[in-house]
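# Structural description and commentary
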Amino acid sequence: AQSVAQPEDQVNVAEGNPLTVKCTYSVSGNPYLFWYVQYPNRGLQFLLKYITGDNLVKGSYGFEAEFNKSQTSFHLKKPSALVSDSALYFCAVRGYSGAGSYQLTFGKGTKLSVIP
Amino acid sequence: GAGVSQSPSNKVTEKGKDVELRCDPISGHTALYWYRQSLGQGLEFLIYFQGNSAPDKSGLPSDRFSAERTGGSVSTLTIQRTQQEDSAVYLCASSPTSGGGNTQYFGPGTRLTVL
């Protein structure tokens with residue numbers, strides 16, 4: 001079975017400071033990893049994904065994430081936070097193959113608040 | 001192009017009534033997924049369709065839940081005899097195929113409230 005952990009329910013960061021939202025995963029074999037963002041009363045919006053290759057993945061709105069296989073982590077980062085980045089962030093994983101590998105398994109979400 | 005659309009955006013119903021939720025995927029996407037987002041359970045997978053293959057219903061929480069996909073496009077999720085614990089946001093997603101690296105694109109969701 002695959003699983004995702006987002007250890008922080010909430011992250012507060014001052015505007016202009018770097019931000020990190022943590023994610024660790026468990027899956028059989030190599031993973032496909034995704035980050036989504038959800039604004040209030042909206043659906044999930046895709047930010048970035050790791051499939052293979054370079055461990056540093058760049059995505060929308062200046063976000064990036066680093067895949068670390070040894071630590072089974074895929075932390076989301078941004079060098080300089082904006083107030084408009086305040087939202088709910090979800091990490092998700094799916095496996096390469098096997099039963100249920102097509103479905104995304106999500107973490108519980110991390111609420112990011114950027115303080116002006 | 002147009003994204004995934006869902007209707008209605010909000011649905012309030014009385015306990016015991018049946019409801020139908022609709023999803024219109026991105027044109028050309030052969031894979032379609034339903035998820036449920038609730039405060040207690042987070043985001044849960046419900047059901048998956050790929051082309052004309054039989055759907056995987058392994059995530060459906062009870063036999064009151066069913067879904068169909070007509071013509072390989074529009075999908076309808078039906079909940080019979082709704083219960084208060086069915087209150088949640090129901091999200092639909094589509095992807096070009098079901099291959100693991102494909103991104104799933106989500107619709108805005110239907111917020112279901114069962115009184």
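Residues numbered from 1 in each chain as written. Chains lettered and ligands numbered in written order. Predicted model: local features only at pLDDT ≥ 70, side-chain atom pairs only at ≥ 80, totals over all residues. Heavy atoms only, no water.

### A closer look at the overall build of chain A
Tallying secondary structure elements over chain A gives zero helices and twelve strands in all. When the helices and strands of chain A are listed from N to C terminus, the series reads β-β-β-β-β-β-β-β-β-β-β-β. Relative to the 2.2 N^0.38 estimate, which gives 13 Å for 116 residues, the radius of gyration of chain A is 14 Å and therefore close to what a compact globule would have. Each principal axis of the C-alpha atoms in chain A carries an extent, and together these give about 45 × 30 × 20 Å. In chain A, which comprises 116 residues, the share counted as buried stands at 48%. Considering only residue pairs separated by 6 or more positions, chain A has 57% of its internal contacts joining residues 24 or more positions apart. Surface exposure of chain A reaches about 5,500 Å², of which carbon and sulfur atoms provide 50%. (Helix = DSSP H or I, 4+ residues; strand = E, 2+ residues; numbered from the N terminus. Rg over C-alpha atoms; globule rule 2.2 N^0.38 Å. Buried < 20%, exposed > 50% of the residue type's maximum accessible area, 1.4 Å probe, protein only. Contact = heavy atoms within 4.5 Å. Areas by Shrake-Rupley, 256 points an atom, 1.4 Å probe, with all protein chains shown as cover.)

### Some points on the pattern of salt bridges
Inspection of the entire model under this criterion finds five salt bridges over all chains. Of the charged contacts, one joins A:Lys78 and A:Asp85 as a salt bridge, the two residues approaching to 2.8 Å between their closest N and O atoms. Looking at A:Asp85, the relative accessible area reads 3%, which means it is buried. The closest approach of N and O atoms between B:Arg22 and B:Asp24, which form a salt bridge, is 3.8 Å. Overall, the relative accessible area of 26% leaves B:Asp24 in the partly exposed class. (Salt bridge = Lys/Arg side-chain N within 4 Å of Asp/Glu carboxyl O.)

### Here we look at the packing of aromatic side chains
Counting across every chain of the model gives 15 aromatic pairs over all chains. When the centroid spacing of 5.6 Å and the interplanar angle of 45° are considered together, the rings of A:Phe63 and A:Tyr89 count as tilted. You can see A:Phe63 sitting in the loop between strand 7 (56–58) and strand 8 (64–68) and its partner A:Tyr89 sitting in strand 10 (residues 87–95), a full 26 residues away along the chain. No difference in accessibility class separates A:Phe63 from A:Tyr89, as the two residues are buried. One aromatic cluster is present, built from ring pairs that chain together A:Phe34, A:Tyr36, A:Phe46, A:Phe90, A:Phe106, B:Tyr33, B:Tyr35, B:Phe45, B:Tyr48, B:Tyr105 and B:Phe106. (Phe/Tyr/Trp six-rings, centres within 6.5 Å; stacked < 30°, edge-to-face > 60°.)

### Looking at the state of the cysteines
Each disulfide consists of one covalent bond between the sulfur atoms belonging to two cysteines. Evaluated as defined, the whole model comprises two disulfides over all chains. Between the sulfur of A:Cys23 and that of A:Cys91 lies a disulfide, 2.0 Å long from S to S. Across the S-S bond linking A:Cys23 and A:Cys91, the dihedral sits near -60°, which makes this disulfide left-handed. Linking A:Cys23 in the loop between strand 3 (19–21) and strand 4 (24–26) with A:Cys91 in strand 10, this pair joins segments that are 68 residues apart in sequence. Given a relative accessible area of 0%, A:Cys23 falls into the buried group. Among the residues examined, A:Cys91 registers a relative accessible area of 0% and is labelled buried. The disulfide bridge from B:Cys23 ends at B:Cys92, spanning 1.8 Å between sulfur atoms. Of note, the bridge from B:Cys23 to B:Cys92 carries an S-S torsion of about -65° and is left-handed in sense. (Disulfide = S-S within 2.5 Å.)

### Quick word on the sheet that holds strand 7 (residues 75–79) of chain B
By definition, the strands of a sheet pair up through backbone hydrogen bonds, in either a parallel or an antiparallel sense. Residue and element names in this part refer to chain B. Within the open sheet, the four strands sit side by side as 1-3-7-6. Their pairing is antiparallel. For this open sheet the edge positions go to strand 1 (5–7) and strand 6 (65–69), each flanked by a neighbour on one side alone. Taken pair by pair, the neighbouring strands of this sheet meet at an average axis angle of 15°, ignoring direction. Pairing analysis gives five bridges linking strand 6 to strand 7, with the strands arranged antiparallel. Across the sheet, Ala67 pairs through a bridge with Leu77, a residue of strand 7. (Pairing = 2+ DSSP bridges. Axes fitted to C-alpha atoms, helices over the stretch in contact; angles between N-to-C directions.)

### Overview of the interface of chain B and chain A
How big an interface is tends to be stated in terms of accessible area lost as the parts join. Contacts between the two partners involve 23 residues from chain B and, on the opposite side, 18 residues from chain A. Of all residues in chain B, B:Leu43, B:Gly100 and B:Phe106 give up the largest surface area on contact with chain A, accounting jointly for 28% of the area buried on that side. At the boundary of chain B with chain A, the tally comes to zero salt bridges. Where chain B packs against chain A, one counts five residue pairs in polar contact (both at pLDDT 80 or more). Every element with two or more residues in the side of chain B that touches chain A is listed here: strand 4 (31–38) and strand 5 (42–50) of chain B. Counting residues per element, the side of chain B that touches chain A draws most heavily on strand 5 of chain B, which supplies four residues. (Buried area = accessible area lost by both parts, 1.4 Å probe. Polar contact = N/O pair within 3.5 Å; in protein donor to acceptor, adjacent residues only side chain to side chain.)

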